[in-house]
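Reading the structure
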Amino acid sequence: MIITLTTDFGLSDPFVGIMKGVILGIAPGVQIVDISHDIRSYDIIEGAFLIESTYKYFPTGAIHVVVVDPGVGSARRPIAAAAHGHIFVGPDNGVFSGVFENEVYHITNRRLFLDSVSQTFHGRDIFSPVAAYIAKGAPIESVGPRILDFLKRPLPTPRPQGDRLLGSVLRIDKFGNVITNLRRRDLPYDFSIHVAGLEITRLYSSFSEAEPGEFFAIEGSAGYIELALDQGSAADKLKVTRGAEIEVESMSSNH
Amino acid sequence: MIITLTTDFGLSDPFVGIMKGVILGIAPGVQIVDISHDIRSYDIIEGAFLIESTYKYFPTGAIHVVVVDPGVGSARRPIAAAAHGHIFVGPDNGVFSGVFENEVYHITNRRLFLDSVSQTFHGRDIFSPVAAYIAKGAPIESVGPRILDFLKRPLPTPRPQGDRLLGSVLRIDKFGNVITNLRRRDLPYDFSIHVAGLEITRLYSSFSEAEPGEFFAIEGSAGYIELALDQGSAADKLKVTRGAEIEVESMSSNH
Amino acid sequence: MIITLTTDFGLSDPFVGIMKGVILGIAPGVQIVDISHDIRSYDIIEGAFLIESTYKYFPTGAIHVVVVDPGVGSARRPIAAAAHGHIFVGPDNGVFSGVFENEVYHITNRRLFLDSVSQTFHGRDIFSPVAAYIAKGAPIESVGPRILDFLKRPLPTPRPQGDRLLGSVLRIDKFGNVITNLRRRDLPYDFSIHVAGLEITRLYSSFSEAEPGEFFAIEGSAGYIELALDQGSAADKLKVTRGAEIEVESMSSNH
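Residues numbered from 1 in each chain as written. Chains lettered and ligands numbered in written order. Predicted model: local features only at pLDDT ≥ 70, side-chain atom pairs only at ≥ 80, totals over all residues. Heavy atoms only, no water.

1. Focus on the overall build of chain A
Counted only if it meets this: Runs of E in the DSSP output that reach at least two residues are strands. Runs of H or I that reach at least four are helices, and both are numbered from the N terminus. The classification of residues rests on relative accessible area computed with a 1.4 Å probe and restricted to protein chains. Under 20% of the type maximum is buried, over 50% is exposed, and intermediate values are partly exposed. In this analysis, two residues are considered to be in contact whenever any of their non-hydrogen atoms come within 4.5 Å of each other. Note on areas: Shrake-Rupley with a 1.4 Å probe; residue coverage comes only from the protein chains shown. In this count, Lys and Arg are taken as positive residues and Asp and Glu as negative ones, while His and the chain termini are left out. By convention, the charge on Lys lies at NZ, on Arg at CZ, on Asp at CG and on Glu at CD.
Helix and strand counts for chain A come out as four helices and 16 strands. With the principal axes as the frame, chain A shows a C-alpha extent of 70 × 35 × 30 Å. Counting the 255 residues in chain A, one finds 60% classified as buried. Intrachain contacts of chain A at a sequence separation of at least 6 include 64% that bridge at least 24 residues. For chain A, the accessible area works out to roughly 9900 Å², and carbon and sulfur atoms hold 50% of it. Each charge class in chain A can be summarised by its mean position, and for the 23 positive and 30 negative side chains these summaries are 6 Å apart.

Encoded structure:
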């Protein structure tokens, strides 16, 4: 059995080590896989993007614990869900918006928790032990009642404005590639992308097609259009950050 | 069998990978769990805090290797200890101060070392192979003679001064919460905490109880009083760092 | 079976998690060990240094995937190699220069790839599944034809100039130690090392022999001469970075 961990805890504090200890205490043989602990503090959208991009590459049956949890200790519910053959465990705050279908359970069964539950660290007290018990064979129905009113926050999608399409920047990756919310199908054959005062009109299929210093578009590995600069950081050069606006138009409609 | 690793090696250099290779070469089936490699260079107190906070969440029998070792190559001894059902392996420099009881052994048995022992990397040459042999079944007594004069450096505890209690900052966590060395029992019912020119008089049980922008105290997941700011960094706003002084008084005694 | 991962992907993006998912989907029981994902973007030499320093500490039979791949999607070939009882999988760009002998294969067998191969993420689509199939028992010959013209980029070695030896800085480690490309045998008994306007004449065998504030040379754990400062960062104080020049002379020849 595989349990993956995705959090905004960083690796300098003991939080992640503690979660692993709790899991291995309950389910000794489980394989724990770190996806990332480097999500910006409290950034639910970044967590949602990360788990949505990653879970599908794991074998079905994997259990994915995601703890980006600004509302810990409040009325937000702990949940577990089954979707696409995987199990997801974490807070009901939209962090699973990209993966949920409709089989979602409110975690209420205290026999699956640590003996004492804090109001500050549900990753340790609730999410890790629940995931470990599921890994050991507890059916997902055992965590608590099924719910229908779980929170979904869809990622922002491009919207038309006149003869243009307005997209936005979802994320900057480690290499400085600017991941947009545009798909290949959103680009007309003679597209022109406007971002930060620059016009991009080339779509390449690999980074190596570009000339040195040339900005270009590329369909990235997550299926989104990315704005890139070969062996350089497009984001640094363009000075764009997450949320920045991107305009797409057809060059012919342009004239 | 579980071996955990806690070091100040970072993850950019090959040191941690090398330790894992050595362990798996000796004890192929062992589960290696990274606790943190992000301890500040040579910071024995931070290492002591981290392992003391974390080990108890692992199942008994786990072996915890901690390498924060400014004295490598000097006369400081390599040690192994049994405490609370766990095994600890590392340098005798106080890094295990929070966990040791009294069963401590000086590691001298060279048959448990790598063939060639450097004076700069005992994590590779001594601590990893010793931990791996213990994981494979070597009794802890086999590492060398028991010793009684191992080093203990207790964490700083609050001290009374007149009608006040003087505490200090143990640590800043990734979210900017200020972890103090105060316990819940150290706070009178009408407490007033003075830190960096600010007065804090509220103790909440969860982060979500606070008003936006409000500083408050909370009992953190490690059992210490933390000074916090909801969804913001209290440490950045207060400009406090580890070691900063904190004064606690009773509001009634104040007047 | 062990598969190690070394990349320049960082841990904030989903890339590493995705590779682990792909591997575990094909070879469920395999032990995945992270060596480092913190290599500077596109820095093939740093990747080469890291895997060359680390692989030999793993048990033979281990499979080492290294993805530092600025040429992904270009004509650079994916390769697998057998050397020193280990298997190496990655791009043919010199990243394995420190480990290759002569048994190198061009990976062309598409049955070992993911169904759809992108031109931007061969770590996911080619290198991870190929490594996983080899871990499951596929012979290395099954990946494709053997090649002889693979790329080797040897690390820079010291060169004599008059009665001096000119070396260079290979790397700065996390502690600020300056790792040079000099070996112990390159230093005459009465050596004098000139770096960044400073003269170093002491070679110690452990960090603890130095006086506070003293610069000294030491044979580091990777077998190279390092320039160090006890419990401080020599690199910060000397303001040297990778590639900086180092002069060695004999004190007697000096006069």
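2. Focus on the interface of chain B and chain C
Worth spelling out the cut-off: Using a 1.4 Å probe, buried area is obtained as the accessible area two parts lose upon being combined, added over both of them. For this analysis, a salt bridge means a side-chain nitrogen from Lys or Arg found within 4 Å of a carboxyl oxygen belonging to Asp or Glu. Think of a polar contact as two N or O atoms within 3.5 Å of one another; within protein, one of them needs to be a possible hydrogen donor and the other a possible acceptor, and neighboring residues in sequence only count if both atoms come from side chains. Throughout this entry, Asp, Glu, Lys and Arg are counted as charged residues, while Ala, Val, Leu, Ile, Met, Phe, Trp, Tyr, Cys and Pro are counted as nonpolar. The remaining residues, Gly among them, count as polar.
If you look at the interface, chain B gives 31 residues, while chain C gives 29 residues. With both chains or domains summed, chain B and chain C bury close to 2400 Å², and 56% of this area falls on carbon and sulfur atoms. Our enumeration of links across chain B and chain C arrives at one salt bridge. Among the salt bridges present, the one from Arg171(C) reaches Asp13(B), with a minimum N-O distance of 2.9 Å. One can count 15 residue pairs in polar contact (both at pLDDT 80 or more) joining chain B with chain C. For the side of chain B that touches chain C, the leading source of residues is helix α1 (residues 15-26) of chain B, giving eight residues. In the side of chain B that touches chain C, the residues fall into 15 nonpolar, eleven polar and five charged.

3. Topic: the sheet that holds strand β7 (residues 146-147) of chain A
Residue and element names in this part refer to chain A. The condition is simple: For two strands to count as paired, DSSP must find a minimum of two bridges between them. As a rule, the C-alpha atoms of each element are fitted with a line to give its axis, helices using only the stretch in contact, and angles between N-to-C directions run from 0 to 180 degrees.
Spatial strand order, β2-β1-β3-β5-β4-β6-β7: seven strands in an open sheet with mixed pairing. The open sheet terminates on both sides in strands that have one partner only, identified here as β2 (31-36) and β7. Those strands touched by helix α1 (residues 15-26) are β1 (2-7), β2 and β3 (63-67), and its axis lies near 160° from that of β1. Helix-sheet contacts for helix α2 (residues 44-54) involve β1, β2, β3 and β5 (86-91), and the interaxial angle to β2 is about 130°.

4. Remarks on helix α3 (residues 122-135) of chain B
Residues and elements named next belong to chain B. As a reminder, the rule being used: Between the first and last residue of a helix there are one fewer steps than residues, each counted as 1.5 Å, and that sum is the expected span. The reported bend at a residue is simply the angle between two axes, fitted to the 7 residues ending at it and to the 7 residues beginning with it.
With 14 residues, α3 should reach 20 Å at 1.5 Å per residue; the first-to-last C-alpha distance of 18 Å fits that figure. At Ser-128, α3 shows its largest kink, close to 30°, and the proline Pro-129 lies no more than four residues downstream. With 13 of 14 residues buried, α3 lies mostly within the body of the structure. Of the residues trailing α3, Gly-137 is marked for its positive phi of about 125°.

5. Points about the pairing of β3(A)
Residues and elements named next belong to chain A. Buried residues dominate β3, accounting for five of its five residues. Judged from the three bridges that link them, β3 and β5 form a sheet pairing that is parallel. Across the sheet, the residue bridging to Val-65 is Val-89, located in β5.

6. A short note on the pairing of strand β3 (residues 63-67) of chain C
All names here are of chain C. Residues Ile-63, Val-65 and Val-67 line one face of β3 and the alternating positions His-64 and Val-66 line the opposite face, and both faces are buried. Pairing geometry for strand β1 (residues 2-7) and β3, over five bridges, is parallel. Within β3, the position partnered with Leu-5 by the bridge is Val-65.

7. A short note on the sheet that holds strand β5 (residues 86-91) of chain B
With mixed pairing, seven strands are arranged side by side in an open sheet as β2-β1-β3-β5-β4-β6-β7 (chain B). With one partner strand each, in any of the chains shown, β2 (31-36) and β7 (146-147) of chain B form the two edges of the open sheet. Here two bridges tie strand β6 (residues 103-106) of chain B to β7(B), and the two strands are oriented antiparallel to one another. Directly across from Val104(B), in β7(B), lies its bridge partner Ile147(B). Along the sheet, α1(A) contacts β1 (2-7) and β2 of chain B; its crossing angle with β2(B), the most-contacted strand, is approximately 150°.

8. Details of the interface of chain A and chain C
Taken together, the 29 residues of chain A in the interface contact 31 residues of chain C. In this assembly, chain A packs against chain C so that about 2500 Å² is buried in total across both faces, 56% of it on carbon and sulfur atoms. Interface area lost by chain A to chain C is led by Tyr57(A), Lys174(A) and Phe175(A), which between them contribute 27%. The tally of links between chain A and chain C comes to one salt bridge. The tally of links from chain A across to chain C stands at 15 residue pairs in polar contact (both at pLDDT 80 or more). Put simply, the parts of the chain that give the side of chain A that touches chain C at least two residues each are β2, α2, β9 (164-172) and β14 (215-219) of chain A.

9. Focus on unusual backbone geometry
One non-glycine residue, His84(A), adopts positive backbone phi at about 55°. Examined against the element boundaries, His84(A) turns out to sit in the loop between β4 (78-83) and β5. Exposure remark for His84(A): the relative accessible area of 39% places this residue in the partly exposed category. Non-glycine residue Ala196(C) carries a positive phi angle of around 50°.

10. Some remarks on the relation of the copies chain B and chain C
Going by this rule: The fit set for superposing copies consists of C-alpha atoms from residues with pLDDT of at least 70 in both; the fit itself is least squares.
By a simple turn and slide, chain B fits onto chain C: the slide is 0.0 Å along the axis, the RMSD is 0.0 Å, and the turn is 120°. Read as a symmetry element, the transformation amounts to a three-fold axis. Across chain B, the rotation axis passes nearest the C-alpha of Gln31(B), at a separation of 5.0 Å.

11. A short note on the packing of α1(A) against helix α3 (residues 122-135) of chain A
Residues and elements named next belong to chain A. Here is the rule: Each crossing is labelled by how the near helix is turned from the far one, with a counterclockwise turn of less than a right angle marking it left-handed and a clockwise turn marking it right-handed.
One way to put it is that α1 packs onto α3 with a least axis distance of 9 Å and a crossing angle of 35°. You can see that α1 and α3 cross each other, and the crossing is right-handed. Seen from α1, the contacting residues are Ile-18, Met-19, Val-22, Ile-23 and Ile-26; seen from α3, they are Gly-123, Arg-124, Ser-128, Pro-129, Ala-132 and Tyr-133. Tallied by class, residues from the contact of α1 with α3 come to eight nonpolar, two polar and one charged.

12. Examining the confidence of the model for chain A
Do not read the predicted coordinates in detail wherever pLDDT is low. Note the threshold: Per-residue confidence from the predictor is reported as pLDDT, a score between 0 and 100.
Per-residue confidence for chain A gives a mean pLDDT of 93, with 99% of residues at or over 70. For this predicted complex, the interface confidence score (ipTM) comes to 0.93, while the overall pTM stands at 0.93.

13. Quick look at the pattern of salt bridges
Residues and elements named next belong to chain C. Applying the stated criterion to the full structure yields 39 salt bridges over all chains. Residue Asp-34 pairs with Lys-20 through a salt bridge whose shortest N-O separation is 2.8 Å. Taken together, the residues span a long stretch of sequence, with Asp-34 in strand β2 (residues 31-36) and Lys-20 in helix α1 (residues 15-26) at a distance of 14 residues. With a shortest N-O distance of 2.1 Å, Glu-247 and Arg-164 are connected by a salt bridge.

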